[in-house]
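Overview (structure and organization)
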Amino acid sequence: MSGLAAGIRLAHYGKKVLVLEKHAIPGGLNSHFSKDGRRFDVGLHAMTNFVERKQRSAPLTKLLRQLRIPYDELDLVEQSYSAIDFPENKICFGNSFTMMSDEIAREFPSEVDGFMKLVEHVKTYDDVSLDAKYISAQEVVASFIQSKVLRDMIFCPVMYYGSAVEDDMDFSQFCIMFKSLYLEGFCRPRTGVRHLLRILRKKLLENGAEVRMKTGVKEILRHNNKAIGVQLENGETIHAQNVLSSAGYGETLEMLNDEVPAGVAGELSFVESILVLDTPVKDLGLDETIIFFNREEEFHYRKTTSPYSCKSGVICMPGNFNYDDEVEREGLVRFTSLANYYLWKEMDETTYRRTKEEFVKEQINTSGFGDKIRDRVVYTDAFTPLTVKKFTSHINGAIYGSPIKVKSGAFDTENLYLCGTDQGFLGIVGALLSGISISNKYLLL
Ligand SMILES: Cc1cc2nc3c(=O)[nH]c(=O)nc-3n(C[C@H](O)[C@H](O)[C@H](O)COP(=O)(O)OP(=O)(O)OC[C@H]3O[C@@H](n4cnc5c(N)ncnc54)[C@H](O)[C@@H]3O)c2cc1C
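Below is a short write-up of the structure. (Residues numbered from 1 in each chain as written. Predicted model: local features only at pLDDT ≥ 70, side-chain atom pairs only at ≥ 80, totals over all residues. Heavy atoms only, no water.)

Points about the site of the ligand
Around the ligand sit 31 residues in total, of which Ser 2, Glu 21, Asn 30, His 45 and Ala 46 are the nearest. For the ligand, an oxygen atom lies 2.5 Å from a polar atom in the side chain of Ser 2. In the environment of the ligand, an oxygen atom lies 2.6 Å from a nitrogen or oxygen atom belonging to the backbone of His 45. With the chains in place, 93% of the 1,000 Å² that the ligand exposes on its own is no longer accessible. Going through the elements one at a time, helix 13 (385-392) and helix 14 (427-443) are the ones with two or more residues in the shell around the ligand. With three residues, helix 14 is the single largest residue contributor to the shell around the ligand. Within the shell around the ligand, the residues separate by chemical class into 14 nonpolar, 15 polar and two charged. Counting residues domain by domain, the shell around the ligand receives three or more from each of domain 1 (2-77 + 190-263 + 409-443) and domain 3 (266-392). (Near = heavy atom within 4 Å. Polar contact = N/O pair within 3.5 Å; in protein donor to acceptor, adjacent residues only side chain to side chain. Areas by Shrake-Rupley, 256 points an atom, 1.4 Å probe, with all protein chains shown as cover. Helix = DSSP H or I, 4+ residues; strand = E, 2+ residues; numbered from the N terminus. Nonpolar A, V, L, I, M, F, W, Y, C, P; charged D, E, K, R; others polar. Domains from an automatic or database assignment.)

Comments concerning the sheet that holds strand 6 (residues 90-93)
Read across the open sheet, the seven strands follow the order 6-5-14-15-16-13-17; overall the sheet is mixed. Single-partner strands in this sheet number two, and they are strand 6 and strand 17 (377-383). The mean inter-strand angle of the sheet, taken between neighbouring strand axes irrespective of direction, is 20°. Pairing of strand 13 (residues 269-277) with strand 17 involves six bridges; the strand directions are antiparallel. Considered in strand 17, the bridge of Leu 277 is made with Val 377. (Pairing = 2+ DSSP bridges. Axes fitted to C-alpha atoms, helices over the stretch in contact; angles between N-to-C directions.)

Overview of the pattern of salt bridges
With the rule as written, the count across this model stands at 30 salt bridges. Ionic pairing is found between Arg 212 and Glu 210, a salt bridge with its closest N-O pair at 3.4 Å. On the accessibility criterion, Glu 210 (42% relative accessible area) is partly exposed. Here Arg 212 and Glu 236 are joined by a salt bridge, their closest N and O atoms 3.2 Å apart. In this pair, Arg 212 sits in strand 8 (residues 210-212) while Glu 236 sits in the loop between strand 10 (226-232) and strand 11 (237-239), placing the two residues 24 residues apart along the sequence. Assessed through its relative accessible area of 24%, Arg 212 is described here as partly exposed. Here the salt bridges do not stand alone but share partners, grouping Asp 75, Arg 190, Asp 324, Asp 325 and Arg 329 into one network. (Salt bridge = Lys/Arg side-chain N within 4 Å of Asp/Glu carboxyl O. Buried < 20%, exposed > 50% of the residue type's maximum accessible area, 1.4 Å probe, protein only.)

A short note on the side chain of Asp 41
Locating Asp 41 in the fold gives a position in strand 3 (residues 38-41). Asp 41 gets classed as buried once you look at its relative accessible area, which sits at 9%. For Asp 41, the side chain forms a polar contact with the main-chain nitrogen of Val 193, separated by 3.0 Å. Among residues more than four places away in sequence, those in contact with Asp 41 are Ser 31, His 32, Arg 188, Gly 192, Val 193, Arg 194, Ile 274 and Arg 334. (Contact = heavy atoms within 4.5 Å.)

Below you can see the structure in the form of structure tokens.
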């Protein structure tokens, strides 16, 4: 996503742009595939950062202006509402912030003042400063909110949708995610991520960029500490004035044949399943668009010690966005759980297949509504950390890349820049913004 956005912006200003993508379809793991006659979105649960068109200074509307894409072209539909479901408490939230503040007032009356002060702090914090140092979000949030349960509930969606750090995150990233989830909200293009990718690709080509799919970069070439081009996996050499990498921090260092420093490789990965039901989920009494849940006393967001853990997770029901049309949609449920890349990597073929089947069953069992859906499943697909690795090329199948973000987007090597997840802007909207801002900062002076 970040590479596509950067390409659009640069080509628009007359730069000669070549986009290289290893796979046949763009989008990393936020892409789409067809299997057995069905079309699925892989990554997309929801786009964060939903705002109405009139909110001109919000990340979504700003990035659309920069890419010259009309707001209506995205054909966005909003979530119904989502929920954070913990053993003793449940908080619902929607695209209007009052739902969340009312729910917190109901479930945690003594925390309302602290929560509202946290919201003010988040709103005014300079979260896009490129030289800000790491500050523990857990520590900052604890200075506003006493209840560990409420803190865990606030962190659960924020971490699942954007933390590359175990059990904590940088406060800047917390602010970005908090705003994008709770103060703005969820939406999706009506027909899914393929629609967005189609728009981006069309724009790229209209602006005169060249796009080469199934073209992996093997090495970034340097001369006198300057990036001068790339060597492709097929042996071809391409010279360039500047190289912009969206492959990740450690991954880019690998392409330079530089050492990847300790701590750069991310370790947090997910397993995910997609279930097709024989009926729309609404007919089973399920109304939420997304449920973030935790079934333990304390919430932990860590690499698991077993191949996967369903003690917490995310459940997305893509049929429960507010579609204002009569199109009949299949009942779809998507489960996301934390996983351990190394344990999946060690498995032989038979264990891999069996463990895949096991986690889907366990995801259904821990969903809280297993009895409603277990017998209604007509089709299942699932992916593992190895799939994440295959489609994003992220070291260790790390879903949100490196825990160390390079906010400046600059490397020691001149004329080489980083955009995307490891520049520190996460999610679809974040990645698009990252591609735009790094292009503006270094290449469109
Ligand atoms: C499973 C999953 C679910 C997600 N769900 C959501 C969601 O619901 N909503 C949301 O907003 N965000 C979601 N995200 C996050 C979102 O997808 C990412 O934040 C965003 O797409 C990151 O974009 P990026 O530009 O950083 O790069 P990536 O998506 O990491 O893509 C990097 C691209 O570079 C290519 N590449 C890597 N190495 C090479 C090479 N050597 N040569 C050529 N090409 C190469 C890869 O093939 C890939 O296409 C999800 C992510 C994942 C993995």
